[in-house]
Amino acid sequence: MAWILLLIAGLLEVGWSIGMKYTEGFTRLWPSVFTAAGIVASMVLLAQAAKTLPIGTAYGVWVGIGAAGAAILGMLVLGEPATAARIFFVCLLIVAVVGLKLTSGH
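Residues numbered from 1 in each chain as written. Predicted model: local features only at pLDDT ≥ 70, side-chain atom pairs only at ≥ 80, totals over all residues. Heavy atoms only, no water.

As for the overall build of the protein chain
Here comes step 1: Scanning the protein chain for helices and strands turns up four helices and zero strands.
Here comes step 2: Relative to its length of 106 residues, the protein chain is compact, with a C-alpha radius of gyration of 14 Å against a globular reference of 13 Å.
Here comes step 3: For the C-alpha atoms alone, the extent of the protein chain along its principal axes is close to 40 × 35 × 15 Å.
Here comes step 4: Expressed as a percentage of its 106 residues, the buried residues of the protein chain come to 34%.
Here comes step 5: Excluding contacts between residues fewer than 6 apart, the proportion of contacts in the protein chain whose partners are at least 24 apart in sequence is 68%.
Here comes step 6: Accessible surface computed for the protein chain: about 6,200 Å², of which carbon and sulfur atoms make up 77%. (Helix = DSSP H or I, 4+ residues; strand = E, 2+ residues; numbered from the N terminus. Rg over C-alpha atoms; globule rule 2.2 N^0.38 Å. Buried < 20%, exposed > 50% of the residue type's maximum accessible area, 1.4 Å probe, protein only. Contact = heavy atoms within 4.5 Å. Areas by Shrake-Rupley, 256 points an atom, 1.4 Å probe, with all protein chains shown as cover.)

Focus: helix α3 (residues 55-76)
Helical geometry note: an α-helix holds 3.6 residues per turn, so side chains three or four residues apart project in the same direction.
Here comes step 1: Compared with the 32 Å implied by 1.5 Å per residue over 22 residues, the 31 Å span of α3 between its first and last C-alpha is a close match.
Here comes step 2: Within α3, the full set of buried residues consists of Thr57, Ala58, Val61, Trp62, Gly64, Ile65, Gly66, Ala68, Gly69, Ala71, Gly74 and Met75.
Here comes step 3: In this structure, the buried side of α3 is in contact with α1 (2-23), α2 (29-50) and α4 (84-102). (Expected span 1.5 Å × (residues − 1).)

Topic: the environment of Trp62
Here comes step 1: Examined against the element boundaries, Trp62 turns out to sit in helix α3.
Here comes step 2: Contacts of Trp62, omitting those with residues within four sequence positions, involve Leu6, Ala9, Gly10, Glu13, Ser42, Met43 and Leu46.

Describing the side chain of Ser42
Here comes step 1: On the secondary structure map, Ser42 appears in helix α2.
Here comes step 2: By relative accessible area, Ser42 is classed as buried at 0%.
Here comes step 3: Not counting residues up to four positions away in its chain, the partners in contact with Ser42 are Ala9, Leu12, Glu13, Trp16 and Trp62.

Describing the UniProt feature "transmembrane region" (unreviewed entry) in the protein chain
Here comes step 1: Here, UniProt's "transmembrane region" (unreviewed entry) annotation points to residues 29-47, 59-78 and 84-103.
Here comes step 2: Structurally, residues 59-78 comprises 90% helix and 0% strand, and the distance from its first C-alpha atom to its last is 26 Å. (UniProt positions renumbered as here; feature names shortened; annotations may be inferred.)

In structure tokens:
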């Protein structure tokens, strides 16, 4: 169950990180409200997962999901450059997340 919570927390991190782009520096009300709610929900789920999982693993996976997801959505949705180097390093992030999961002992 902790891994499911952590996955959801990571996906929420992707959502709130992309959402920050739409807040325009937290000057737009509804994007700011949704972004803030995503931050809180993501942190709460991370904290719940960390009750069972080692914090280094939980935090690393959470950050990895968020960073990779935000980079991918940035390229697909926000028009950020999709260079071979960026795609390679996003793949490395995904490999790192999977590696942490496989070596966590849980």
